[in-house]
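Coordinates in review
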Amino acid sequence: MAPALMTPVWLPIVEKSVFRFDESVPAREDAAPSISFENPRLREEGIDIESNEPEFIPVITLEGSNQIVTLKLPTGTSFYGTGEVSGAVERTGKRIYSWNTDAWGYNQNTTSLYQSHPWVVAILENGQAFGVLADTTRRCEIDLRKESIIKMSSDAPYPVITFGPFPTPEALMTSLARATGTMQMPPKWALGYQQCRWSYMSADRVSEVAATFREKKIPCDVVWMDIDYMQDFKCFTFDKNTFPDPKALSDDLHSKGFRGIWMLDPGLKAEKGYFAYDTGCENDVWIQTPDGKTYVGECWPGAVAFPDFLNEKTRNWWAKLVKDFVAVGVDGIWNDMNEPAVFKTVSKTMPETNIHRADEEYGGRQSHAHYHNVYGMFQARSTYEGMKLANPDKRPFVLTRAAFIGAHRYAATWSGDNLANWEHLNMSIPMALNLGLSGQSFSGPDIGGFAGDSTPKLFARWMGLGAMMPFARGHSEQGTIDQEPWSFGPEVEELSRFALNRRYRLLPHYYTLFHKTHTTGVPVMTPVFFADPTDVKLRKIDDSFLIGSILVKTWPSPKRRNSHADLELPKGIWQRFHFNDDHPELPMLFLKGGAIVPTGPVVQHVGEASPTDTVTLLIALNETGKAAGDLYEDDGEGFGYQDGDYLLTHYEAEKVSTPNAKYGEVVIRVASTEGRRERPKRTLQVRLLIGEDVQVEGECVDGEELRIKLLGDEDVSKSIVSNREAWTADLDRKQSLLDTVFGDHHPVLGVGATLMPEDLEKGNVSLKVLAYNGGRIASMIHKPSGYEWMEEGFKNGGYEEFSGSEFRSSGWNETYNVVKRELAQMGGYEEIKMEGDIGGGLVLARDILLPQDSLDTIKVSSSIVARSVGAGSGGFSRLVRLRIHPTFKLVHPTRSVILYTAVDGTERKMEPEMGFEEHLIEGSDRPNGEWKILDQQTGLGVINRFDVNQVALCNVKWGPGSVALELWSEERPVSKDTPLTISHEYELIDE
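The rules behind the values
Per-chain numbering applies: the sequence of each chain, read as written, is numbered from 1 onward. Per-residue local features are limited, in this predicted model, to residues with pLDDT of at least 70; the limit for side-chain atom pairs, both in listing and counting, is 80 or more; totals at the level of whole chains, interfaces and linings are taken over all residues. Calculation of side-chain values draws on the structure's entire complement of heavy atoms; hydrogens and water are dropped beforehand. Each helix corresponds to a stretch of at least 4 residues labelled H or I by DSSP, and each strand to a stretch of at least 2 residues labelled E; elements are numbered beginning at the N terminus. Only protein chains enter the accessibility calculation, which uses a 1.4 Å probe; a residue whose area is less than 20% of its type maximum is buried, one above 50% is exposed, and one in between is partly exposed. We call two residues in contact whenever any of their non-hydrogen atoms come within 4.5 Å of each other. Residue burial considers only the protein chains on display, and all accessible areas are found by Shrake-Rupley using a 1.4 Å probe. Note on charges: Lys and Arg go in the positive column, Asp and Glu in the negative column, and His and the chain ends are not counted at all. The atoms used to mark charge sites are NZ of Lys, CZ of Arg, CG of Asp and CD of Glu. DSSP bridges decide pairing: two strands pair if at least two such bridges lie between them. The working definition used for a salt bridge is a side-chain nitrogen of Lys or Arg within 4 Å of a carboxyl oxygen of Asp or Glu. UniProt positions are given in the numbering used here, feature names are shortened, and annotations may be inferred rather than shown by experiment. A fitted line through C-alpha atoms serves as each axis, taken over the contacting stretch for helices, and the angle formed by two N-to-C directions is quoted from 0 to 180°. Any angle that is under 35 degrees is reported as roughly parallel, and any over 145 degrees as roughly antiparallel; angles of 65 to 115 degrees are reported as roughly perpendicular and all others as oblique. Throughout, the ten residues Ala, Val, Leu, Ile, Met, Phe, Trp, Tyr, Cys and Pro are labelled nonpolar, Asp, Glu, Lys and Arg are labelled charged, and all others, Gly among them, are labelled polar. Directions drawn from the helix axis to the C-beta atoms are what define this arc. Any two cysteine sulfur atoms lying within 2.5 Å of each other are counted as a disulfide. Polar contacts, as used here, are pairs of N or O atoms within 3.5 Å; protein pairs need one atom able to donate a hydrogen and one able to accept it. Residues neighboring in sequence count only if both atoms are side-chain atoms. Here is the rule: rings of Phe, Tyr and Trp (six-membered ring for Trp) pair when centre to centre is within 6.5 Å. Planes less than 30 degrees apart are stacked, more than 60 are edge-to-face, and the remainder are tilted. Counted as over-ring charges are cases with an Arg CZ or a Lys NZ within 6 Å of the ring centre that also lie within 35 degrees of the ring normal. Here is how to tell: hold the view so the strands point away, follow the path from the first strand over the helix to the second, and if it runs clockwise the crossover is right-handed.

**So, the overall build of the chain**
When helices and strands are tallied, the chain shows 15 helices and 58 strands. Within the chain, the proportion of its 991 residues that are buried is 62%. In the chain, the proportion of contacts linking residues at least 24 apart, taken out of those at least 6 apart, comes to 69%. Carbon and sulfur atoms form 49% of the exposed surface of the chain, whose accessible area is close to 36,400 Å². When the 102 positive and 139 negative side-chain charges of the chain are each reduced to one mean point, those points stand 2 Å apart.

Structure representation (structure tokens):
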């Protein structure tokens, strides 16, 4: 039965160029209430604005219970957003599923992480920005694999909200914020560096770490307490032996200028006599099973019950617990494990049939399938409200692992349990950028990597990069080496100090940007293409980002930093600057022409700063000789700014001609101010950037006009040459020292993993296997005919294996180590065994055998094996699927067919189509353990035999002159005892 094609009904909402689309009027009436919108009524109420019609209208189809929304945009469109996603910053060509998942050990191809943001940012070829929100809390597929097409699929009915197109990405983000709200102003101390570990095992160790930061003069504002501070992992308790007096610990931290943040998970131990559980039972707050009983799962404390945060009564109960908890001096709260994560389940979460008794305004009584994605958001909201209840005059700080679009109204976030490797360092930037483009500005990675041991070079690079991101926290897993800034020797300690000094100098700028985010929704950290959305060359940049008008160029890989001359910057003027801290392991910083950025002195913590401290403006003039910028100030912790107790200064600079200055001068002044806070009596310094590491300076009383005389072009050129020679020599000296410290050298490949293919040859079969490139079979030749069956095998393609449903997920291009090699003359057979590390404690193991008893057969046995999956995931890995992907070359594609007998006993035949479509075959339609591709013109073919019990799905993908015959295992986590395996063989035939 063909899917039902519907003409959607639409309604203008919120503001001009924002539209709601529904499949029909009844579907609009049946849609669940909005949770993403700050004010859900805005989604329901139409507006009347002249000349306001949608430019792009989606197509809505119904397939069973699914509603599929397809939106075709102009050719040349680039896609971004989709929330917390791994991989590249540009999402074009990707597919993800919004389903909050405990994803320890994720990689760049994992399709579901901890958060769900069913939102796509589209940058059109002309630079305009367009946004699409599937406003559903349920599992949602977001498919961006076809050029310029957005496809979203979820349970019907749900509305689709489109935003724009707007002239700029900034305008799009502001429009989104008018619907989903903006983040609250954070306490200023939360912008400082933060140090965490799973776990600092005692109060004494926490105090020791804090004291060491101060002794070594490394700036830091926060120390975190992970789960081990609790008594038997019970939330709202303290271990009587290791954390006997939390109030005294808090007082000690405060005396040193530190804040303490403490973890609270959602799962509370189901134990009578435990006060939190007892009061929860008294208030009837727990999520229920379908038969009305309290659902009990398993997490850190053992058996746990889960509060139903969708219910106001539960939120009030939790807020009161938080209020009492905060009384011991808690400064912030960390909500972890709130997808919700449940141990010893294949799904890693609770049954979707569980029942929430939600408030009617959010949808009322519904299954967990409906509320799963918003569970963490509502815990964060409840925690936020509890902190505000405890201290009404202080801004709460909450960090949440799980979230839904709109959760930025209550909490910051981080990129979850990342790994201490270069791949995850490289993903740090695009993950934070796409979160920002989805409304969540306050985010960052675990600096140094959470799981696994970092190295000195990796940690130094990560600290340099992480110190420039909105949320800057170092964190590491139980059982790993220490990862405080001083843990890798004096050189890395000094680099960390440089990196964090930079951050603290720039705190006035960061705080101003957070205020801008609070008022406009424009992220603190943005992709480089924000500098020029029309420049398509900027759209794929993953190693750089903008912090307001500062471009941060990083090197998130082991390679050395390039020189300034080798960089490709956006069009216009970009003046390079630093703070006498230029170093080959730190990012390069550039200020956009036309910008003014405020900076301050280095302090050891935010509380050490004073309003009377000298403000230093960095200024880069644009092509017309002008610049402008802002400085926002308030008390840093309270809510007085909401009533006007703040000072927002708009500075401006302009080049003017004057008889007193041969080359002109620049006038710097206060253009205007906002707020009723008085300007402090302080010095204003100016660094006017006029060339590569060349500047002129001046100072005055802040609020007065300052004039700075300019240098002539010849003097600037001489200074540039002189400075370049000096800093090049200095950087070479530093790099030479670091090469010795880091043991820097070209990587050495593992045993057998050379850059030459491994040749396997026996009977009528000749193979070339590239252990160094995904362990792929690059060549499969039928010797009697000389026919090469592998398509494009030496770079990509050929026989590949992936570790997930997504095309080229981990496993396809890693370096594989050869662990066994047998030659035909020794045993009568040819064999190679390889293993590739696919992250998260997993390896993809492959055994390729040319057996003794056959002249035409290749036997392959492949497995995803758990070697060191973290305890934090209950011994189970992330969701994985073994996907066998051989691409066979077709010399006569129109005469080639696929033949097999299905499990149901029927004979099947598949012929190529004009399009490159995929055909997923499942259930009784699958081949019953054998299928073949046959070139009817030549009679040459390949028979693929497999164990049907190991293959959950088969997939046929026709390509240009090729076809892929894929075998897919089931999708599930693996443990050391439960690997995923597919054993199969290929017989090369000539009929």
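**Examining the pairing of strand β4 (residues 59-63)**
Strand direction decides the pairing type here: β4 and strand β5 (residues 66-72), joined by five bridges, are antiparallel. Directly across from Ile60, in β5, lies its bridge partner Val69. Hairpin geometry of β4 and β5 is characterised by an intervening segment of two residues between the two adjacent antiparallel strands and by a positive phi of about 65 degrees at Gly64.

**Quick notes on the pattern of salt bridges**
Scanning the model with the defined rule gives 66 salt bridges in all. Notably, a salt bridge pairs Asp535 with Lys537, separated by 3.1 Å at the nearest N-O pair. Looking at Lys537, the relative accessible area reads 51%, which means it is exposed. Residues Glu800 and Arg776 are paired through a salt bridge, measuring 2.5 Å at the closest nitrogen-oxygen approach. With Glu800 in strand β45 (residues 799-802) and Arg776 in strand β43 (residues 776-782), this pair connects stretches of sequence that are 24 residues apart. For the pair formed by Glu800 and Arg776, the shared burial category is buried. Here the residues in one salt-bridge network are Arg20, Asp22, Arg28, Arg43, Glu44 and Asp135, joined through shared partners.

**Overview of the sheet that holds strand β18 (residues 296-299)**
Reading across from one edge, β17-β19-β18 is the order of the three strands in this open sheet, with antiparallel pairing throughout. A single partner strand is all that each edge strand has here, and the edge strands are β17 (268-269) and β18. By the bridge criterion, four bridges tie β18 to strand β19 (residues 302-305) in an arrangement that is antiparallel. Counted as the bridge partner of Val296 is Ala305 from β19.

**Examining the UniProt feature "domain: DUF5110" (unreviewed entry) in the chain**
Mapped onto this numbering, the UniProt entry gives "domain: DUF5110" (unreviewed entry) at residues 615-689. This span, residues 615-689, is 0% helix and 63% strand, and a straight line between its end C-alpha atoms measures 16 Å.

**A short note on the packing of helix α4 (residues 203-216) against helix α5 (residues 246-255)**
As a packed pair, α4 and α5 sit with axes 10 Å apart at the nearest point and diverge in direction by 5 degrees. In terms of orientation, α4 lies roughly parallel with respect to α5. When α4 is examined against α5, the residues Ala203, Val206, Ser207 and Ala210 are found in contact with a partner set consisting of Leu249, Asp252 and Leu253. When its residues are assigned to classes, the contact of α4 with α5 shows five nonpolar, one polar and one charged.

**Concerning the side chain of His117**
Within the element layout of this structure, His117 appears in the loop between β8 (115-116) and β9 (119-123). Residue His117 is classed as buried on the basis of its relative accessible area of 3%. When sequence neighbours within four positions are dropped, the list of residues in contact with His117 reads Thr82, Gly83, Glu84, Ile142, Phe404, Ile405, Leu435 and Ser438.

**Observations concerning α5**
Considered for burial, the residues of α5 that qualify are Pro246, Leu249, Ser250 and Leu253. Down the axis, α5 shows its buried residues gathered within 100 degrees of arc, on one side only. In this structure, the buried residues of α5 make contact with α4, β15 (222-225) and β16 (259-264). With its phi angle positive at about 85 degrees, Gly257 sits one or two positions after the end of α5.

**Quick notes on the environment of Ile149**
Mapped onto the secondary structure, Ile149 falls in strand β12 (residues 149-155). Aside from chain neighbours lying at most four places away, what touches Ile149 is Thr70, Leu71, Lys72, Phe79, Asp143 and Leu144.

**Quick look at the state of the cysteines**
Within this structure, the stated rule accounts for zero disulfides. Here Cys299 is not cross-linked by a disulfide; its sulfur's nearest cysteine counterpart is in Cys235, at 9.1 Å.

**Some details on the sheet that holds strand β10 (residues 129-134)**
Reading across the sheet, the six strands line up as β2-β3-β13-β10-β9-β6 and stay open at both edges, with antiparallel pairing between neighbours. Among the strands making up the open sheet, the edge pair consists of β2 (9-12) and β6 (78-81). Neighbour-to-neighbour, the strand axes of the sheet open up by a mean angle of 25 degrees, direction not taken into account. Judged from the five bridges that link them, β9 and β10 form a sheet pairing that is antiparallel. Among the inter-strand pairings, Val121 is bridged to a residue of β10, identified as Gly131.

**Remarks on the side chain of Thr857**
Along the chain, Thr857 turns up in strand β49 (residues 857-866). Within the local environment of Thr857, its side chain forms a polar contact with the side chain of Ser854, the two groups lying 2.7 Å apart. Contacts of Thr857, omitting those with residues within four sequence positions, involve Val765, Leu849, Leu850, Pro851, Glu985, Tyr986 and Glu987.

**A word on the packing of aromatic side chains**
Summed over all chains, the structure comprises 48 aromatic pairs. Taking 6.4 Å as the distance between ring centres and 85 degrees as the angle between the ring planes, the aromatic pair formed by Tyr106 and Tyr114 counts as edge-to-face. Given the relative accessible area of 0%, Tyr114 is considered buried. Taking the centre distance of 6.5 Å and the plane angle of 75 degrees together, the rings of Tyr229 and Phe243 count as edge-to-face. Of this pair, Tyr229 sits in the loop between β15 and α5 while Phe243 sits in the loop between β15 and α5, and the two are 14 residues apart along the sequence. Taken together through their ring pairs, the aromatic side chains of Tyr229, Phe236, Phe238, Phe243, Trp262, Tyr277, Trp286, Phe309, Trp317, Trp318, Phe325 and Tyr375 make up a single cluster. Over the aromatic face of Trp555 sits the side chain of Lys553, whose NZ or CZ is 4.0 Å from the ring centroid.

**Remarks on the packing of helix α12 (residues 490-505) against helix α13 (residues 507-520)**
Look at α12 against α13: their axes get within 5 Å of each other, and the N-to-C directions meet at 55 degrees. In terms of their interaxial angle, α12 and α13 are classed as oblique. Listed contacts from α13 to Arg503, Tyr504 and Arg505 of α12 are Leu507, Pro508 and Tyr510. Looking at the contact of α12 with α13 residue by residue, the classes come out as four nonpolar, no polar and two charged.

**Some details on the pairing of β15**
Burial along β15 is two-sided: the residues Val222 and Trp224 and Val223 and Met225 are all buried. Of the pairings in the sheet, the one linking strand β14 (residues 194-195) to β15 comprises two bridges and is parallel in character. Within β15, the position partnered with Gln194 by the bridge is Val222. Read from β14 through α4 to β15, the crossover connection turns out right-handed. Note: β15 against β16, four bridges, orientation parallel. Each bridged residue has a counterpart across the sheet, and for Val223 the counterpart in β16 is Gly260. A crossover links β15 with its parallel partner β16, the connecting element being α5, and its sense is right-handed.

**Considerations on the environment of Phe243**
The buried category is assigned to Phe243, whose relative accessible area is 1%. Taking C-alpha positions, Phe243 is 8.9 Å from Gln231, a pair spaced twelve residues apart along the chain. When sequence neighbours within four positions are dropped, the list of residues in contact with Phe243 reads Tyr200, Met201, Ser202, Ala203, Val206, Met225, Asp228, Tyr229, Phe238, Leu249 and Trp262.

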